[in-house]
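Spelled out from the first residue to the last, the chains are:
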Amino acid sequence: MRDILIIALYAFLGAAGAGLLGAAVLHLLRRRSVAVSLAVVAAVAVGAMLAGTLAVAWAMFLSPHDLYVVTLVVAMAAGVSLLTALALGRRLVVSTRQLVHSAREFGDGGTFTPPPPGAAPAELAALSAELAATAARLAGARARERTLEASRRELVAWISHDLRTPLAGLRAMSEALEDGVAQDTARYHRQIRTEVDRLNSMVGDLFELSRIHAGALALQPVRMSAYDLVGEVLEGTDPLAREHGVRLVGERVDPVPLEVDGREMSRVLANLLVNAIRHTPADGTVTVAAEQRAAGAVLSVTDGCGGIPAEDLARVFDTGWRGTAARTPPAGAGLGLAIVRGIVEAHSGRAEVRNVPGGCCFEITLPTAGA
């Protein structure tokens, strides 16, 4: 037993010496390639075994022949280990360089190209997959940012035009009244009041949209029934429908319980109904429905506008979109549907639109009370 302990002690001392030397070398080469570090690790493993063997051989007084044989075997193992470590290190270096190159290309605005399957170790392959997923998310974010920026530029141009036109009219009418050349002053006063109301409505929409985009829309949700909500909005928009010769129909309005801000949600339905009435021809029908579905409470407004082109469906709720390049009254500034989407999303819901025979259907999905 004592001999075994002595052998173990000499082997440990020899291996520990080789290990300490290897640790010092790794510290000096810590900024070098991973291939060099792997080669050092392999050399340390073989060196530790050789040092332990030599220490034990010296203590046991092995014959020169036996010591030569042991040293030769260890040397062969060292060579194979170093070659294996270098091969693995080269593979790691190549895979890392590919990742660095792909990451640099993506950082410069290109696309991220991951290494082919099996070309990199599992850890680097997982890192590559995560980088590819991150690159896809960033590319999507960039595309959305470009779309939003283009939408903002369009909005500024459109609003500038929409504000300039009534202001020019107001100035012309006020000058005519001031100079006394207006024949029908009452008509001029009515027109001025109409233009001021348009400007006030436009400024109000801009303010509401800015609150939504800034996340400053303060909701005061209360429990209410979808039946009551729809009934109030139908009553408020009925005069406009009569003026346009459009019938308002509550097809199926269930008393679904909601927990929403009544004022903001009334504005959502009113915007949808006003748009539907204005785009539905005389003697047409606008249908309102409210029902409980698996996804939640669904409020829908169906008009008779004839449908929306398929390429425009994805832009319906964009800020400033009006489906036409014309910016003439009585059309608004194209903010109504953007406000609808913002208010609905603030209620953790979603707004969608789809074409139906003869028109289109706007659907608002909201979580029910207690959901």
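My aim in this report is to walk through the structure given alongside it, one point at a time.

The rules we used
- Residues numbered from 1 in each chain as written.
- Predicted model: local features only at pLDDT ≥ 70, side-chain atom pairs only at ≥ 80, totals over all residues.
- Heavy atoms only, no water.
- Helix = DSSP H or I, 4+ residues; strand = E, 2+ residues; numbered from the N terminus.
- Buried < 20%, exposed > 50% of the residue type's maximum accessible area, 1.4 Å probe, protein only.
- Contact = heavy atoms within 4.5 Å.
- Areas by Shrake-Rupley, 256 points an atom, 1.4 Å probe, with all protein chains shown as cover.
- Pairing = 2+ DSSP bridges.
- Axes fitted to C-alpha atoms, helices over the stretch in contact; angles between N-to-C directions.
- Left-handed = near helix turned anticlockwise from the far one by under 90°.
- Nonpolar A, V, L, I, M, F, W, Y, C, P; charged D, E, K, R; others polar.
- Patch = residues over 30% accessible without salt bridge, like charges linked within 9 Å, V, L, I, M, F, W, Y side chains within 5 Å.
- Salt bridge = Lys/Arg side-chain N within 4 Å of Asp/Glu carboxyl O.

## A closer look at the overall build of the protein
The helix and strand tally for the protein stands at eight helices and seven strands. The buried share among the 371 residues of the protein stands at 33%. Within the protein, counting contacts between residues at least 6 apart in sequence, those at least 24 apart form 71% of the total. Just so you have it, the protein exposes about 22000 Å², and 61% of that area is on carbon and sulfur atoms.

## Some remarks on the sheet that holds strand β4 (residues 285–293)
What the five strands build is an open sheet, ordered β2-β4-β5-β7-β6; its pairing is mixed. Each edge of the open sheet carries a strand with a single partner, namely β2 (247–253) and β6 (350–356). Taking the axes of each pair of neighbouring strands and ignoring which way they run, one obtains an average angle of 15 degrees across the sheet. Docked against the sheet, helix α8 (residues 336–346) engages β6 and β7 (359–366), running at close to 25 degrees with respect to β7.

## Structural notes on the packing of helix α5 (residues 185–213) against α8
Packing of α5 against α8 brings their axes to within 10 Å, and their N-to-C directions diverge by 35 degrees. Viewed along their axes, α5 and α8 form a crossing whose handedness is left-handed. Residue-level inspection shows D205, E208, L209 and I212 of α5 in contact with α8, the latter providing A338, I339, G342 and I343. Here the residues of the contact of α5 with α8 are counted per class, giving five nonpolar, one polar and two charged.

## Describing a nonpolar patch on the surface
On the surface, a cluster of nonpolar side chains totalling about 500 Å² of accessible area is made up of Y68, V69, L72, V73 and M76. Looking at M76, the relative accessible area reads 53%, which means it is exposed.

## Considerations on the pattern of salt bridges
Summed over the entire model, instances satisfying the criterion amount to 13 salt bridges. The shortest N-O distance in the salt bridge between E264 and R211 comes to 3.6 Å. On the criterion of sequence distance, the pair formed by E264 in helix α7 (residues 262–279) and R211 in helix α5 is long-range, its members being 53 residues apart. Residue E264 is classed as buried on the basis of its relative accessible area, which comes to 3%. The partner of E363 in a salt bridge is R354, with the nearest N and O atoms 2.7 Å apart. Its relative accessible area of 40% is what places R354 among the partly exposed residues.

## Looking at unusual backbone geometry
Residues other than glycine seldom take positive phi values, yet D283 does so here, at roughly 70 degrees. Under the relative-accessibility criterion, D283 is labelled exposed at 62%. Phi angles above zero are rare outside glycine, and S348 is one such case at about 65 degrees. As for its position among the elements, S348 is in the loop between α8 and β6.

## Things to note about the pairing of β4
On a regular strand, one side chain projects to one face of the sheet and the next to the other, so that they alternate. The pairing of β2 with β4 spans six bridges and is classified as parallel. Each residue of the ladder has a partner; that of V253, found in β4, is A290. Taken together, the seven bridges between β4 and strand β5 (residues 296–302) define a ladder with antiparallel strand orientation. Bridging across to β5, E291 finds its partner in V298. Linking β4 to β5, which pair antiparallel, is a turn of two residues.

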